[in-house]
Amino acid sequence: MATRSNELDAAERNALSDSTFAFPRVRKEPLNDAKHVRNAIARFDQVRDVTDKERDEAFRRIKRAAKKFGVEMTETRWQDLGKPMKSMKSSDKPRDDATKAELYDEAKRRGIGGRSGMTKQELLRAARLETGG
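Just so we're clear, the structure is a prediction, and the values are computed from it rather than from any experiment. Numbers given for residues are sequential positions, taken from 1 along each chain in its written order. Under the rules for a predicted model, residues below a pLDDT of 70 receive no local features and side-chain atom pairs below 80 are neither given nor counted, while totals for whole chains, interfaces and linings still include all residues. To obtain the side-chain values, all non-hydrogen atoms of the structure were included, while hydrogens and water were left out.

### Considerations on the overall build of the chain
Thought 1: For the purposes of this entry, the term helix denotes a DSSP run of H or I that reaches at least four residues, the term strand denotes a run of E that reaches at least two, and both are numbered from the N terminus. Looking only at helices and strands, the chain features 5 helices and 2 strands.
Thought 2: The order of α-helices and β-strands along the chain, N terminus first, is α-β-β-α-α-α-α.
Thought 3: Within the span of the chain, comprising 133 residues, buried residues form 40% of the whole.
Thought 4: Residue contacts are defined here by distance: any two heavy atoms, one from each residue, within 4.5 Å place the two residues in contact. Taking contacts inside the chain between residues at least 6 apart in sequence as the whole, the part at least 24 apart equals 40%.
Thought 5: Using a 1.4 Å probe, accessible areas were evaluated by the Shrake-Rupley method; residue-level cover was limited to the displayed protein chains. As displayed, the chain offers around 7,900 Å² of accessible surface, 48% of which is attributable to carbon and sulfur atoms. For the exposure calls, accessible area comes from a 1.4 Å probe over protein chains only, and a residue counts as buried if that area is under 20% of its type's maximum, exposed if over 50%, partly exposed in between.

### Thoughts on the nonpolar core
Thought 1: Buried Ala, Val, Leu, Ile, Met, Phe, Trp, Tyr and Cys residues form a nonpolar core when they are joined through side-chain atoms within 4.5 Å. By size, the foremost hydrophobic cluster in this structure holds 20 residues, and its most contacted members are Phe-23, Leu-31, Val-37, Ile-41, Phe-44, Ile-62 and Met-73.
Thought 2: Ranked by residues supplied to this core, first place goes to helix α3 (residues 52-69) with 5 residues.
Thought 3: Counting 10 residues, the second largest nonpolar core, distinct from the first, contains Tyr-104, Ile-112, Met-118 and Leu-123.

Listed below in structure tokens is the structure:
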């Protein structure tokens, strides 16, 4: 049974088909609901031991899952997924053109609660409130 934070336990994860994962060969980043899709976007660059070809396919899988579950995804290439915001200080306002993954990483760095369920606009608003801007 899943925990309250929508994490998959070992039995649930093992029961998922390989095609449910962004990276099927290594069974990384499940795409079974909106929360996991957002997590896959934010953690994309943390997946190790995969080829660029696998990243291309994972990006396509994530885009399909994002559309299916209504997750906003503004990145147009896999190289932009999961990248931290560029040189943002705690007092800096987030950029209007920041990707959702960048905003998520910044919210995580600042300890903003509830970030995993936020839309891009909600992350932007929360980060701006945090900086007073």
